[in-house]
Amino acid sequence: MSTAEAIHLGSLIAAHGYVFPISDHVLTLKDDGTLYRFQSPYFWPSNCWEPENTDYAIYLCKRTMQNKARLELADYEAENLARLQRAFARKWEFIFMQAEAQVKIDRKKDKAERKILDSQERAFWDVHRPVPGCVNTTEMDIRKCRREKNPHRVKKSVYGVPDDGQSQPSPVHVSSQPTRKPTKEDVQKEISFLNIQLDRHCMKVSKVADSLMSYTEQFMEYDAFVSAIEPSNPWTNDDTSFWDLEASREPSQQRVKKWGFSLEEALKDPAGRDQFLKFLESEFSSENLRFWLAVQDLKRRPLQDVASRAQEIWQEFLAEGAPSSINLDSHSYERTSQNLKDPGRYSYEDAQEHIFKLMKSDSYARFLRSNIYQDLLLARKKQPADTEQGRRTSLEKFTRSVGKSLTGKRLTGLMQSS
């Protein structure tokens, strides 16, 4: 890429407000040593901003209150402020109070932080309310065309002050595209979209990071690329002893410990499934796990066998007088019975999920506290120590026998010499 092309590309990025000059307010890229700063992601145009005129009025009022030479209003900004004051005469007192509150909050911030925020905010308005004569990159933007056709897009307020519903035209420019009156379908789509947004489960980034870190620490010793594994790493050599140990029915201490992480990990391991089934049989509640395993097997069956196997599962676990009846809630039972009118591999999905939750909340917790799991875990922990102790005992016996033989040879030699 040549220098001219690079400057042109940088100017396009600057014109859309992703970078801006610190000392100047013309959004273009210059190859003269001018310092630039990246815009805060909050103000990026990719967030489909369509700021209200009330926000612009609050911003200009703030500028008049700060009494700094670098924040004085330009001529076109003073004219825009006068137009906005006439347009919002009835609510101007409210706008002025909002601006005062914003100024008080800004004064509590650090001087350097306040200066950066002022420059970011001004660069944002230089994009959406540009200097007369500059190209307005938001006027013919394809995102605005999509937003007008997409009722899911809603207007945003920079300072949280909604407009009064009668949006005034921009004091700098008026959009050339006529607004389309929303239909009943548009309103219904917007309502459904907003309901979905309300039902979204939000989680703090700090909690997500903590969960990720704890998961990484927990499973680190099981990652062959991070930790050394015994007896050897099959990913870096041709020795497959590790795979043989993992597939054996005699689990190592590491595998037994992994069963305690979650029910999913216990059921992934064939030995873990066997031990969990053994525990459930001791409590006379093995039908839950047998049903879960039967549904898992159904999902892997050939298509021609699915219908017959689905009926067999129903007769064994869910039909009236079934030999291994399981406890389902009414909703899951009705959904499953409806699904079996046209049986498929996933006809028992709701019932399987319900049974899995029952095992996870009840049986699995008791399994971890049971003697079956605790004895197996302790036995596997003691095994390396016992092996080491056996090695030491054998070594001591060997040393004693060698010592006795050497002593006997010395005595024989002394007797011969005498």
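Quick summary incoming for the structure in this document. Here, residues in each chain are numbered from 1, in the same order as that chain's written sequence. pLDDT decides what is reported in this predicted model: residues at 70 or higher carry local features, side-chain atom pairs at 80 or more are listed and counted, and totals for whole chains, interfaces and linings draw on all residues regardless. Only heavy atoms go into the side-chain values, all of them from the structure, while hydrogens and water stay out.

What about the overall build of the protein?
Logical step 1: Per the convention used, a helix needs a DSSP run of H or I reaching at least four residues, while a strand needs a run of E reaching at least two, with both numbered from the N terminus. The number of helices and strands found in the protein is 17 helices and two strands.
Logical step 2: Think of it in three bands: with a 1.4 Å probe and only protein chains considered, a residue is buried below 20% of the maximum accessible area for its type, exposed above 50%, and partly exposed in between. Buried positions account for 33% of the 418 residues belonging to the protein.
Logical step 3: Residues count as neighbours in contact if any of their non-hydrogen atoms are within 4.5 Å of one another. Contacts in the protein between residues at least 24 apart in sequence constitute 62% of all its contacts with a sequence separation of at least 6.

A closer look at the packing of aromatic side chains
For any pair of aromatic rings, the description rests on two quantities: the centre-to-centre distance and the angle between the ring planes.
Logical step 1: Between 30 and 60 degrees the pair is tilted, below 30 it is stacked and above 60 it is edge-to-face, where a pair is any two Phe, Tyr or Trp rings, Trp via its six-membered ring, whose centres lie within 6.5 Å. One pass over the full model with this rule turns up 15 aromatic pairs.
Logical step 2: Here the aromatic rings of tyrosine 215 and phenylalanine 219 are separated by 4.5 Å at their centres, their planes lie at 35 degrees, and the arrangement is tilted. Of the two residues, tyrosine 215 and phenylalanine 219 both sit in helix 8 (residues 205–219), four residues apart, roughly one turn of that helix.
Logical step 3: Ring centres of phenylalanine 219 and phenylalanine 261 lie 5.2 Å apart, and the angle between their planes is 70 degrees; on these two criteria the pair is classed as edge-to-face. Remark: phenylalanine 261 occurs in the loop between helix 10 (253–259) and helix 11 (263–268) and phenylalanine 219 occurs in helix 8; sequence separation between them is 42 residues.
Logical step 4: Through pairs of rings, three or more aromatic residues link up here, namely Tyr215, Phe219, Tyr222 and Phe261.
Logical step 5: Counting as a charge over the ring demands two things of the Lys NZ or Arg CZ atom: a distance within 6 Å of the ring centre and an angle within 35 degrees of the ring normal. The ring of tyrosine 222 carries lysine 258 above its face, with NZ or CZ at 4.9 Å from the centroid.

With respect to the packing of helix 13 (residues 287–299) against helix 16 (residues 349–369)
Logical step 1: Each axis is a line fitted through C-alpha atoms, and for a helix only the stretch in contact is used; angles between axes span 0 to 180 degrees, taken between their N-to-C directions. Axis separation between helix 13 and helix 16 bottoms out at 10 Å; the angle between their running directions is 140 degrees. With respect to each other, helix 13 and helix 16 are oriented oblique. Viewed along their axes, helix 13 and helix 16 form a crossing whose handedness is left-handed. Within the contact between the two elements, helix 13 uses Asn288, Leu289, Phe291, Trp292, Val295, Gln296 and Lys299 and helix 16 uses Glu349, Ala351, Gln352, Ile355, Phe356 and Met359. When an angle is under 35 degrees it counts as roughly parallel; over 145 it counts as roughly antiparallel; between 65 and 115 it counts as roughly perpendicular; any other value is oblique. Left-handed describes a crossing in which the near helix is turned anticlockwise from the far one by less than a right angle; the clockwise case is right-handed.

Side note on the side chain of serine 11
Logical step 1: Within the secondary structure, serine 11 sits in helix 1 (residues 3–15).
Logical step 2: The class for serine 11 is buried, based on a relative accessible area of 16%.
Logical step 3: Residues contacting serine 11, with those up to four places away along its chain left out, are Leu27, Thr28 and Leu29.

With respect to the pattern of salt bridges
Logical step 1: Any carboxyl oxygen of Asp or Glu within 4 Å of a side-chain nitrogen of Lys or Arg constitutes a salt bridge here. For the structure on display, the rule yields 17 salt bridges.
Logical step 2: Glutamate 265 is paired through a salt bridge with lysine 268; the nearest N and O atoms lie 3.5 Å apart. Residue glutamate 265 and its partner lysine 268 are located together in helix 11, separated by three residues, close to a single helical turn.
Logical step 3: Residue classification places glutamate 265 among the buried positions, given a relative accessible area of 11%.
Logical step 4: Across the pair glutamate 312 and arginine 309 runs a salt bridge, and its minimum N-O distance is 3.1 Å. You can see glutamate 312 and its partner arginine 309 sitting in helix 14 (residues 303–318), three residues apart, about one turn around the helix.
Logical step 5: For arginine 309, a relative accessible area of 15% gives the class buried.
Logical step 6: Connected through salt bridges with shared partners, the residues Lys62, Asp106, Lys109 and Glu121 form a single ionic network.

Considering the nonpolar core
Logical step 1: To form a nonpolar core, buried Ala, Val, Leu, Ile, Met, Phe, Trp, Tyr and Cys residues must be joined to one another through side-chain atoms within 4.5 Å. Judged by nonpolar contacts, the single largest core of 37 residues is most densely connected at Phe276, Leu289, Phe291, Leu318, Tyr348 and Met359.
Logical step 2: Those elements giving two or more residues to this core turn out to be helix 10, helix 11, helix 12 (270–282), helix 13, helix 14, helix 16 and helix 17 (371–417).
Logical step 3: When residues in this core are grouped by element, the largest group, seven residues, is from helix 16.
Logical step 4: Excluding its chain neighbours within four sequence positions, the residues that come into contact with leucine 318 are Phe291, Ile313, Ile326, Leu328, Tyr333, Thr336 and Tyr348.
Logical step 5: Ile58, Leu60, Phe124 and Trp125 belong to the second largest nonpolar core, which has 18 residues in total.

A look at the side chain of glutamate 77
Logical step 1: Relative to the assigned elements, glutamate 77 resides in helix 3 (residues 75–87).
Logical step 2: For glutamate 77, a relative accessible area of 2% gives the class buried.
Logical step 3: Contact partners of glutamate 77, with chain neighbours within four places excluded, come to Tyr56, Tyr59, Leu60, Arg63, Glu72 and Arg122.

Quick look at the environment of phenylalanine 242
Logical step 1: The topology assignment puts phenylalanine 242 in helix 9 (residues 241–247).
Logical step 2: A sequence separation of 12 residues divides phenylalanine 242 from glutamate 230, and the C-alpha atoms of the two residues are 6.9 Å apart.
Logical step 3: When near neighbours in sequence (up to four residues on either side) are disregarded, phenylalanine 242 contacts Ile229, Glu230, Pro231, Ser232 and Pro234.

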